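Coordinates in review
The lines below spell out each chain.
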Amino acid sequence: GILVWQDMMLANLVPSDRLALQYNVWPEVVEQIYRIMRHPSLALFCGNNELRVAWNNWGWQDRYQLHGSDSASVIDANERLWSTDEIGQIANGLGRSWYTPTSPLSNWGNAEGLRSGDLHYWGVWHGDSAFSSFANNVGRFVSEYGFQSYPDSITLAHYIDPEFLYLGSPMLAKRQKSYKTDKPIWTAIERELGETPTTLGRFIDCSQIVQAEAYRQAIWAHRTN
């Protein structure tokens, strides 16, 4: 069956005034835990997605000019809110002790992520690694990984005028939201299939073939470990 990993709806770092926020957050946490705690598919609750790893690895202190005491107060507020002392304590008190404060517990680019907690492995896509790297980057639980493909042209035609459905279209480029652009897809097509598509239809087909191959290798690595 399907097991549900339930994230708390904390999408950003909380301000340093932790007490003001927790009075807003706690009622929602209690309500949501009560709402789904008896669902047979519930596996665990998670305090947030990628906030701790972002703070530690993505340069947010420099981007938002949070240093010294300002930096310490923000991370102290967040760690206390996410920790088992607060949100986790609520979950425990309501009878659900399966709680992890954040996902992932360490960044994907280091050995700690392979040994402890869950792992978001993005060496493939963000790190430009070949699909074979999935075999050597299997954490205790891999809660994120992936590779893009394009949807079928029929789907694209629902949102883009047909006159813009061609390779190199600025409208297609506008809908590509990754900072990596389409480059990883082109690289994978050339590496895995040995071809360079010249039409949008063939590019879409090839993108889906290499995506399927990426998932095949990842899932095989996960299941055999």
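This report concerns the structure included in the present document. Since the model is a prediction, treat every value here as computed from it, not as a measurement. (Residues numbered from 1 in each chain as written. Predicted model: local features only at pLDDT ≥ 70, side-chain atom pairs only at ≥ 80, totals over all residues. Heavy atoms only, no water.)

**Considerations on the sheet that holds strand β1 (residues 4–7)**
Strand pairing in a sheet is mediated by backbone hydrogen bonds. Such pairs are either parallel or antiparallel. Read from one edge of the open sheet, three strands run β1-β2-β3, paired in parallel fashion. Each having just a single partner strand, β1 and β3 (99–100) make up the two edges of the open sheet. (Pairing = 2+ DSSP bridges. Helix = DSSP H or I, 4+ residues; strand = E, 2+ residues; numbered from the N terminus.)

**Some remarks on the nonpolar core**
Counting residues in each nonpolar core, the largest one holds 23 residues, and the members touching the most others are Met8, Leu10, Val29, Ile33, Phe45 and Ile87. Within the residue set of this core, elements represented by two or more residues are α1 (18–36), β2 (42–46), α2 (51–57), α4 (68–82) and α5 (87–93). At five residues, α4 tops the list of elements feeding residues into this core. In this structure, Leu10 is in contact with Val25, Gly47, Asn48, Leu51, Leu81, Trp82 and Ile87, ignoring residues within four places of it in sequence. (Core = buried A, V, L, I, M, F, W, Y, C linked by side-chain atoms within 4.5 Å. Buried < 20%, exposed > 50% of the residue type's maximum accessible area, 1.4 Å probe, protein only. Contact = heavy atoms within 4.5 Å.)

**Focus: unusual backbone geometry**
With an omega dihedral of -5 degrees, the bond running from Ser103 to Pro104 counts as a cis peptide bond. Along the chain, Pro104 falls in the loop between β3 and α6 (112–115). With a phi angle near 95 degrees, Trp125 is a residue other than glycine that sits in the positive phi range. Phi angles above zero are rare outside glycine, and Thr181 is one such case at about 55 degrees. With respect to the helices and strands, the residue Thr181 is situated in the loop between α8 (170–175) and α9 (183–193). Classification of Thr181 by relative accessible area gives partly exposed; the value is 44%.

**A look at helix α10 (residues 200–224)**
Taking 1.5 Å per residue, 25 residues should reach 36 Å; α10 reaches 36 Å between its end C-alpha atoms and fits that length. Burial in α10 covers these residues: Leu200, Phe203, Ile204, Cys206, Ser207, Val210, Gln211, Ala214, Ala218 and Ala221. Looking at the packing, one finds that the buried side of α10 touches α7 (153–157), α8 and α9. (Expected span 1.5 Å × (residues − 1).)

**A short note on the pairing of β2**
Across four bridges, β1 lies against β2 in parallel orientation. For Gln6, the partnering residue across the bridge sits in β2 and is Phe45. The sheet contact formed by β2 and β3 spans two bridges and is parallel. Residue pairing for β3: Phe45 is matched across the bridge by Tyr99.

**Re the pattern of salt bridges**
Overall, the coordinates contain four salt bridges when judged by the stated rule. Linking Arg191 and Glu192 is a salt bridge whose minimum nitrogen-to-oxygen distance equals 3.0 Å. Where Arg216 meets Glu213, a salt bridge forms, and the shortest distance between an N and an O atom there is 2.8 Å. On the criterion of helical spacing, the pair formed by Arg216 and Glu213 is a turn pair, its members being three residues apart in helix α10. (Salt bridge = Lys/Arg side-chain N within 4 Å of Asp/Glu carboxyl O.)

**Quick notes on the environment of Asn48**
With respect to the helices and strands, the residue Asn48 is situated in the loop between β2 and α2. Residue classification places Asn48 among the buried positions, given a relative accessible area of 0%. Residues Asn48 and Glu31, spaced 17 residues apart in sequence, show a C-alpha to C-alpha distance of 17 Å. Other than its neighbours up to four places away in sequence, Asn48 contacts Leu10, Trp82, Pro101, Thr102 and Ser103. Polar contacts involving the side chain of Asn48 include one to the main-chain amide nitrogen of Leu51, which spans 3.1 Å. (Polar contact = N/O pair within 3.5 Å; in protein donor to acceptor, adjacent residues only side chain to side chain.)

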